[in-house]
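Breakdown of the fold
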There are 2 protein chains.
Amino acid sequence: MEKLEMGTIQTELPARRASMTRVGNLSGTAMPTSTRSSLGTAANRVISVLIADDHTIVRQGIRALIECDEKIKVVGEADTGRSAIHMVKELNPDIVLMDIAMPLLNGLESTKQLIKEFPRLKIVVLSSYSDDIYVTQVMEAGAAGYLIKQTAANELVAALKEVQKGKAVFSPSVARRLKDNCRNGLEHGQLPGKERIKLTPRELEVLQLIAEGYANKQIASELTISIKTVEKHRQRVMDKLNIHQTAGLTRYAIVNRISESHMQGGAL
Amino acid sequence: MEKLEMGTIQTELPARRASMTRVGNLSGTAMPTSTRSSLGTAANRVISVLIADDHTIVRQGIRALIECDEKIKVVGEADTGRSAIHMVKELNPDIVLMDIAMPLLNGLESTKQLIKEFPRLKIVVLSSYSDDIYVTQVMEAGAAGYLIKQTAANELVAALKEVQKGKAVFSPSVARRLKDNCRNGLEHGQLPGKERIKLTPRELEVLQLIAEGYANKQIASELTISIKTVEKHRQRVMDKLNIHQTAGLTRYAIVNRISESHMQGGAL
DNA sequence: TTGAAAATACGGTAAAACCCCTAGGTTGTT
DNA sequence: AACAACCTAGGGGTTTTACCGTATTTTCAA
């Protein structure tokens, strides 16, 4: 079970919002995101939270857990991304706790739209998975944190308080991924925050064929290239994604819709 | 948002256990599942519950919610199917609240194995998918209920009490699916077109681990069996499915929900 | 109790995957 | 021209799969 360590990689964050909000709060002044009612001093204010998750039992559970802390108040629950956006406009929360997988409008799109309209809104993604694409894209969208659901309640509460202070929070597995991405990007002189794991066209092609069950030899014949070249592509894909098994590559390809998840033919 | 209506289709249940337990309790007698300590009369006993879900925040949330009712006591939490089995043996709960998508051993397999060993154990599946293709299989395995995570806390508590009385509980969408399956499947004896390839429990277990990126050696250590045995299971699975690559097995496992499509940590 | 199915395990072999390394050729950009 | 990125290709190595046997034990139902 992973433990949450907050703020461990704050200084190397690719997220642009992290530094912004951090600076604002170091001054010791309350930083009203808008015309929000301040329920106390900057340090003691109650943090208003909106929970967005399509599972009622999960929403209610999280609400019960984080409201045990008297400094946190859940002001609303949304069961879709779209309703989350509506409720943010109405309720003006400090933080949105956002699930990724939601109907009508997923957490990523919701985050993008919300940040665009409310740049100072703090959005903490609470996801079931720590897939690279989501982590990077969500952070690029301007989220203030990315936690996985393996997180414990006390860790979540602590994370919310850190975020309210203007810090960014990540689960360790997410932080690891972000770090890798940062390092790769910075070594090549790219702008931090822009480097997602990018596969070249040929690599994507090879990955798709791998996920469809082709052996290297078949791929080579299909693409009319040497097996050695195929192996090279495969190796680079593995290095980039940090996945070193065929099973993992296949899963990645399906999840990222590089390969169709539906099989045709006798196997199914 | 769907509302839970419990017991609406109890009389048309295909599950064998439902009628069994129902009859037992209509007599008004306490029906000790084993040598369990009775903490009161039959009506007032505390219901001991084990929660199996790989997401800590979800487990803790559900625990907080259902323990608000003084008749329900959560005696343990498991984060994998395998640990759920171990904890049942140790803690002897009345009811297991079982998530479907779990690493190492999924909820369906866990349910099958638990019911096989503890036929009177009540297992309530709490799944993320309302359209779960496993509804029928889970009920055939002998589960006492199938709820989706859209269920609200008070409904869940009520459902647990109904199950403890020996009744079966379903979310409306699940009940609908079961009805359809009854009509189509049981009358014709088999699903039209597709004959189901039947893998043994152990083979399914191995398949899931393969799809989660485990190498044969790791699987062997996980199941505490010889690598040669793992290879044999793998071979038989391949022969049965007529799939002879890891990629194909992984895809099959994902499409058939033997493995989660979204993984986190570990193997990836 | 007998038999079938399942799970266990071992030996051997060829193929494939995995993981290093170097390196030429083609693009496109600065 | 220099540079970076990509595609290409090969050498050489270890590890893992895939497939072929056989065989014992367990389990469960006829």
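Before reading further, recall that the structure is shown in the block above.
Just so you know, these numbers come straight off a predicted model, no measurement behind them.

Quick notes on the rules
- Residues numbered from 1 in each chain as written.
- Chains lettered and ligands numbered in written order.
- Predicted model: local features only at pLDDT ≥ 70, side-chain atom pairs only at ≥ 80, totals over all residues.
- Heavy atoms only, no water.
- Helix = DSSP H or I, 4+ residues; strand = E, 2+ residues; numbered from the N terminus.
- Buried < 20%, exposed > 50% of the residue type's maximum accessible area, 1.4 Å probe, protein only.
- Contact = heavy atoms within 4.5 Å.
- Areas by Shrake-Rupley, 256 points an atom, 1.4 Å probe, with all protein chains shown as cover.
- Pairing = 2+ DSSP bridges.
- Right-handed = clockwise from strand over helix to strand, strands pointing away.
- Near = heavy atom within 4 Å.
- Polar contact = N/O pair within 3.5 Å; in protein donor to acceptor, adjacent residues only side chain to side chain.
- Expected span 1.5 Å × (residues − 1).
- Core = buried A, V, L, I, M, F, W, Y, C linked by side-chain atoms within 4.5 Å.
- Nonpolar A, V, L, I, M, F, W, Y, C, P; charged D, E, K, R; others polar.
- Salt bridge = Lys/Arg side-chain N within 4 Å of Asp/Glu carboxyl O.
- Disulfide = S-S within 2.5 Å.
- Axes fitted to C-alpha atoms, helices over the stretch in contact; angles between N-to-C directions.
- Parallel < 35°, antiparallel > 145°, perpendicular 65-115°, else oblique.

Looking at the overall build of chain A
A count of helical and extended segments in chain A gives eleven helices and six strands. Taking all 268 residues of chain A together, the buried fraction comes to 54%. Nonlocal contacts in chain A, meaning residues at least 24 apart in sequence, comprise 66% of its contacts between residues at least 6 apart. By element, 51% of the accessible surface of chain A is carried by carbon and sulfur atoms, the whole surface being about 12,200 Å².

Concerning the pairing of strand β1 (residues 47–52) of chain B
Residues and elements named next belong to chain B. Among the six residues of β1, six are classified as buried, and the element is accordingly described as predominantly covered. Residue alternation in β1 divides its side chains into two sets, I47, V49 and I51 and S48, L50 and A52, and both sets are buried. With six bridges joining them, β1 and strand β2 (residues 72–78) adopt parallel strand pairing. Counterpart to S48 in the pairing with β2 is K73. The parallel pair β1 and β2, bridged by helix α2 (residues 56–66), forms a crossover whose chirality is right-handed.

Comments concerning the protein's contact with DNA strand D
The immediate surroundings of DNA strand D are formed by 22 residues, with T200, R202, S226 and K228 of chain A together with R234 of chain B found nearest. Looking at DNA strand D alone, sugar and phosphate atoms form 63% of those within 4 Å of the protein. K228 of chain A is positioned with one of its side-chain polar atoms (N or O) 2.6 Å from a base oxygen of DNA strand D. Within the side chain of T229 of chain A, an N or O atom sits 3.1 Å from a phosphate oxygen of DNA strand D. Listed by contribution, the elements that provide at least two residues to the surface near DNA strand D are α8 (201–211) and α10 (227–241) of chain A together with α9 (216–223) and α10 (227–241) of chain B.

Side note on helix α6 (residues 153–164) of chain B
An α-helix turns once per 3.6 residues; consequently, residues spaced three or four apart project the same way. All names here are of chain B. For α6, built from twelve residues, the straight-helix expectation of 16 Å at 1.5 Å per residue is met to within 8% by its first-to-last C-alpha distance of 17 Å. Counting buried residues in α6 gives nine out of twelve residues, a clear majority hidden from the surface. Every buried residue of α6 is accounted for by A153, E155, L156, V157, A159, L160, E162, V163 and Q164. G166 sits one or two positions beyond α6 and adopts a positive phi of about 105 degrees.

Here's the deal with the nonpolar core
Ranked by size, the top nonpolar core spans 46 residues in total, and within it V49, I62 and I66 of chain A together with V49, I62 and I66 of chain B carry the most contacts. Once you skip the residues sitting within four places of it in the chain, I66 of chain A turns out to touch V49, I51, I72, V74, L156, V157 and L160 of chain A.

As for the protein's contact with DNA strand C
In the vicinity of DNA strand C, 21 residues are found, and the nearest of them are R234 of chain A together with T200, S226, K228 and H233 of chain B. Those atoms of DNA strand C that come within 4 Å of the protein belong to sugar or phosphate at a rate of 60%. At 2.8 Å from a phosphate oxygen of DNA strand C is found a side-chain nitrogen or oxygen belonging to R202 of chain B. The side chain of H233 of chain B places a nitrogen or oxygen atom 2.8 Å from a phosphate oxygen of DNA strand C. Within the residue set of the surface near DNA strand C, elements represented by two or more residues are α9 (216–223) and α10 of chain A together with α8 (201–211) and α10 of chain B. Here the surface near DNA strand C is built from residues that sort into four nonpolar, nine polar and eight charged.

Description of the pattern of salt bridges
Residues and elements named next belong to chain B. All chains considered together, the criterion is met by 33 salt bridges over all chains. For the salt bridge of K161 with D69, the shortest nitrogen-to-oxygen distance reads 2.7 Å. Highlighted residues: K161 in helix α6 and D69 in the loop between α2 and β2, separated in sequence by 92 residues. By relative accessible area, which is 16% here, D69 ends up buried. Measuring nitrogen to oxygen at the nearest pair gives 3.2 Å for the salt bridge that ties E205 to R202. In this pair, E205 and R202 both sit in helix α8, three residues apart, roughly one turn of the helix. Take E205: its relative accessible area is 2%, and that puts it in the buried class.

Let's talk about the pairing of strand β3 (residues 95–98) of chain A
Residues and elements named next belong to chain A. The side-chain alternation of β3 yields two buried faces, one formed by I95 and L97 and the other by V96 and M98. Bridge count for strand β1 (residues 47–52) against β3 is four bridges, and the pairing is parallel. The residue bridging L50 from the neighbouring strand is V96, located in β3. Inspection of the sheet shows β3 paired to strand β4 (residues 122–127) by four bridges, in the parallel sense.

So, the state of the cysteines
Using the criterion set out here, one finds zero disulfides over all chains in the structure. Free cysteine C68 of chain B: the closest other cysteine sulfur is in C68 of chain A, separated by 8.8 Å. Judged by its relative accessible area of 63%, C68 of chain B falls in the exposed class.

Notes on the environment of Q208 of chain B
Residues and elements named next belong to chain B. Tracing the backbone shows Q208 in helix α8. Note on Q208: relative accessible area 1%, which makes it buried. Spatially, the C-alpha atoms of Q208 and E162 are 33 Å apart, while their sequence positions differ by 46 residues. Setting aside chain neighbours within four positions, we find Q208 in contact with M102, P103, L104, L105, N106, I258 and S259. Here M102 takes part through its backbone oxygen, which lies 3.1 Å from a polar atom of the side chain of Q208. In terms of polar contacts, Q208 uses its side chain to reach the backbone amide nitrogen of N106, at 3.1 Å.

A look at the packing of α10 of chain B against helix α11 (residues 246–255) of chain B
Residue and element names in this part refer to chain B. Where α10 meets α11, the axes come as close as 11 Å, and the angle between the chain directions of the two elements is 75 degrees. Taken together, the axes of α10 and α11 are roughly perpendicular relative to one another. For the pair α10 and α11, contact is made by R234, V237, M238 and L241 and by T246, L249 and Y252, respectively. For the contact of α10 with α11, the class distribution of residues is five nonpolar, one polar and one charged.

Concerning the sheet that holds β4 of chain A
Taken in spatial order, the six strands line up as β2-β1-β3-β4-β5-β6 (chain A) in an open sheet, and their pairing is parallel. Of all the strands in the sheet, the pair left with one neighbour each is β2 (72–78) and β6 (169–170) of chain A.

With respect to the sheet that holds strand β5 (residues 145–148) of chain B
Residue and element names in this part refer to chain B. One open sheet holds the six strands; their spatial order is β2-β1-β3-β4-β5-β6, and the pairing between them is parallel. Edge positions in the sheet fall to β2 and β6 (169–170), since each has one partner strand and no second. Relative to β6, β5 runs parallel, the two sharing two bridges. Across the sheet, residue Y146 finds its bridge partner in β6, namely F170. Where helix α3 (residues 81–91) meets the sheet, it contacts β1, β2 and β3 (95–98), and its direction lies at approximately 135 degrees from that of β2. This element, α6, spans β1, β2, β3, β4 (122–127), β5 and β6 of the sheet and lies at about 140 degrees to β3.

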